[in-house]
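Coordinate analysis (summary)
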Amino acid sequence: MTATGSGGWTLAIDVGTSRTAGALWSGGRVTPLEIEGNRWMPSTVAVTEEGNLVVGQAAAAIASARPDRAERAPKRNVGSPVPMVLGEHSVSTTDAFATLMSAVAAEGRRRHDGADPSGLVLTHPVRWEETRQAVLQEAASAAGLPEPTLIPEPVAAAYHYARGELAEGQKIAVYDLGGGTFDTVVMQRTPEGFEVVGPPGGDESIGGDHFDHLVFLHLGGLIAAQDPELWQKILTGTERQWMRAAFDLLAEARQVKETLSTYPSTQIYVPVADRELLVTREELESLISEPVDRSIDELLDTVEDAEVRPEDLAAVFLVGGSSRIPMVAARLATHFGERVRTRDEPKSVVVEGAAMLSAGWSRPTSSVSARGEGAGDRSAEVGVEPILDVRDGVVAASSGTRLVVIGEQATEYSLAGPVLGLAAHRGGAAVLLAGGQIRSLAEGRRRWSSAPVPDATLGPVISADTTVVAN
Ligand SMILES: Nc1ncnc2c1ncn2[C@@H]1O[C@H](COP(=O)(O)OP(=O)(O)OP(=O)(O)O)[C@@H](O)[C@H]1O
Ligand SMILES: [Mg+2]
């Protein structure tokens, strides 16, 4: 049995600072969603002349003609009490995210005869606190989507990368360098999945956008060397012509940076200067050397805080589009050697891992019967056979499965969403990743004591004196 039997499907969405991706679980497997013909769309939001909010390529087109009507990185506004001002409109971050999520969900529905997803997983930077996570929940609700399960981006990526190849107890690190943020985390394989070891790290000032800005200023320096006035106009001009020139030069800077991951040099044409400019990989490397080194120091600190030695890690997984920069892997290798893994497309691994968690694994293996440690004679028993399927310690159940919880008070819970997994079982607390009504179980109950993974990721906590029986 799978969580998405009889043609159902579940959805995962990763709203990134610069790109948004979706993947779905259906028919027993993960499929990346192609939106607008690509595996991701720009996270740009914009307001049309008619006052409609649009996203993706449509918004990117408006951004190039009317930069004041568009926001390239709405994720940066999450947590700000002030709405975004696009042209003469004020747009809440929640509405912006809801529109991005709707565009992804629409693509999923299109592939399922218009049927709605039965479950939803949304990803977020590992250090987002509850206030910022709540924006994702509000946006999902505004988009008419199921109540989401939230999971940190690097944790989702780890599920994708490491599900089949790590033994229990092995530890890995994730180095996640995206467009806007940099996240680091150390995780340990448990019988049921992963748990975060030590405090996650990162730096919200390091990312691809920051590198683009450095390349932009470098190109500006080349322009200024011949025509300082022109560079001043590009940099500070408020007329549309100069705002557009600055916008285009930043887009060229991003292209230069990405091209130099593959080629040793690249050339661009700058129309307002009527000049061709050459940039080499060495030049890029010297521009971004300092922030890249800082990111590696941050990872080393995270590993140290987790009380793990680099040589004890089974792997260091590279995640995020900016981890494609060859210098990143090369410098990491000086500390972590062959443990550095660059397999798979580093943007998609986040949403594909999340999609796996949106419904669990489909292939049945043995059943799970976990016994709480340290809980004395009140240890938890989690019996999941025969209703729930288990693979790699992760359980999956259909929507509508009834769980009878026998504890302080006998209660029945009917699952509005699927059980996503038995995420952890420590110190007598079994933790089910679940969507829908079973969430209410967590309220007022004992929380997971050392809780290295944020509660919102894990969903409900079943206390030690609780037995969960699927029937
Ligand atoms: N080949 C490449 N070389 C260098 N950088 C690249 C390459 N491909 C993509 N990038 C950069 O990766 C960044 C986007 O990465 P990604 O899509 O993982 O981030 P995001 O999910 O939008 O952001 P975040 O996770 O930080 O919120 C952009 O800055 C982009 O320019
Ligand atoms: Mg990302």
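Attention now moves to the layout of surface pockets. Each pocket or cavity is described by its volume, and for the largest pocket that value is around 1,000 Å³. In terms of lining residues, the largest pocket is bounded by 43 residues, among which Ser18, Arg19, Arg72, Arg254 and Glu258 are the most central. Every element with two or more residues in the lining of the largest pocket is listed here: β4 (41–42), α1 (56–65), α5 (208–226) and α7 (240–259). At seven residues, the largest contribution of residues to the lining of the largest pocket is made by α7. For the lining of the largest pocket, a count of residues per class yields twelve nonpolar, 17 polar and 14 charged.

Looking now at the sheet that holds strand β5 (residues 45–47). Taken in spatial order, the three strands line up as β6-β5-β7 in an open sheet, and their pairing is antiparallel. Two strands in the sheet have a free side with no partner beyond their single neighbour: β6 (53–55) and β7 (70–71). Pairing geometry for β5 and β7, over two bridges, is antiparallel. Each residue of the ladder has a partner; that of Ala46, found in β7, is Ala70. The sheet contacts of α1 involve β5, β6 and β7, and relative to β6 the element is tilted by about 105°. Contacts between helix α2 (residues 93–110) and the sheet are confined to β5 and β6, with β6 contributing the most and set at about 55° to the helix.

Counting residues in each nonpolar core, the largest one holds 45 residues, and the members touching the most others are Tyr175 and Leu332. For this core, the domains that each give at least three residues are domain 2 (174–200 + 291–351) and domain 3 (208–285). Residues Val47, Ala98, Met101 and Leu136 belong to the second largest nonpolar core, which totals 32 residues.

Tracing the backbone through its elements, the reader meets Ser295 in helix α8 (residues 281–305). For Ser295, the contacting residues outside a window of four places in its chain are Tyr175, Phe182 and Ile206.

Confidence in the prediction of the protein, expressed as mean pLDDT, is 77, and 74% of residues score 70 or more. Here strand β19 (residues 369–371) stands out as the least confident element of the protein, with mean pLDDT 26; β6 is the most confident, with 98. Counted against residues more than four places away or in other chains, residues 1–6, with its pLDDT under 50, gives 21 contacts.

All right, on to the site of ligand 1 then. As a matter of local geometry, ligand 1 sits amid 21 residues, with Thr17, Arg19, Glu258, Ser261 and Lys347 nearest to it. Taking Arg19, its side chain carries an N or O atom lying 2.7 Å from an oxygen atom of ligand 1. Between ligand 1 and the protein, one listed contact pairs a nitrogen atom with a side-chain N or O atom of Ser261 at 2.6 Å. Within the complex, the protein chains bury 94% of what would otherwise be the 650 Å² of accessible surface of ligand 1. Judged by the proximity of its atoms to the pocket grid, ligand 1 belongs to the largest pocket. For the shell around ligand 1, the element with the most residues is α7, which contributes three residues.

So, on to the pairing of strand β16 (residues 275–280). On a regular strand, one side chain projects to one face of the sheet and the next to the other, so that they alternate. Alignment of strand β15 (residues 265–270) against β16, held across six bridges, turns out to be antiparallel. Bridging across to β16, Thr266 finds its partner in Val279.

Let us look at the pattern of salt bridges. For the structure shown, the criterion picks out 25 salt bridges. For Glu107, the salt bridge identified is with Arg110, shortest N-O distance 2.8 Å. In this pair, Glu107 and Arg110 are both assigned in helix α2, three residues apart and thus about one turn of the helix distant. Between Arg294 and Asp203 there is a salt bridge whose closest N-O contact spans 3.2 Å. Taken together, the positions of Arg294 in helix α8 and Asp203 in strand β14 (residues 194–203) put the pair 91 residues apart, joining distant regions of the chain. The network of salt bridges with common partners includes Glu49, Arg66, Asp68, Arg69 and Glu88.

Rules behind the numbers
Residues numbered from 1 in each chain as written. Chains lettered and ligands numbered in written order. Predicted model: local features only at pLDDT ≥ 70, side-chain atom pairs only at ≥ 80, totals over all residues. Heavy atoms only, no water. 1 Å grid on protein atoms, 1.4 Å probe; cavity = no way out; pocket = protein on both sides within 12 Å on 5 of 7 lines; lining within 4 Å. Points joined across faces, edges and corners; volume = space filled by probe spheres on them. Helix = DSSP H or I, 4+ residues; strand = E, 2+ residues; numbered from the N terminus. Nonpolar A, V, L, I, M, F, W, Y, C, P; charged D, E, K, R; others polar. Pairing = 2+ DSSP bridges. Contact = heavy atoms within 4.5 Å. Axes fitted to C-alpha atoms, helices over the stretch in contact; angles between N-to-C directions. Core = buried A, V, L, I, M, F, W, Y, C linked by side-chain atoms within 4.5 Å. Buried < 20%, exposed > 50% of the residue type's maximum accessible area, 1.4 Å probe, protein only. Domains from an automatic or database assignment. pLDDT = per-residue confidence, 0-100. Near = heavy atom within 4 Å. Polar contact = N/O pair within 3.5 Å; in protein donor to acceptor, adjacent residues only side chain to side chain. Areas by Shrake-Rupley, 256 points an atom, 1.4 Å probe, with all protein chains shown as cover. Sits in = over half its atoms within 2 Å of the grid points. Salt bridge = Lys/Arg side-chain N within 4 Å of Asp/Glu carboxyl O.

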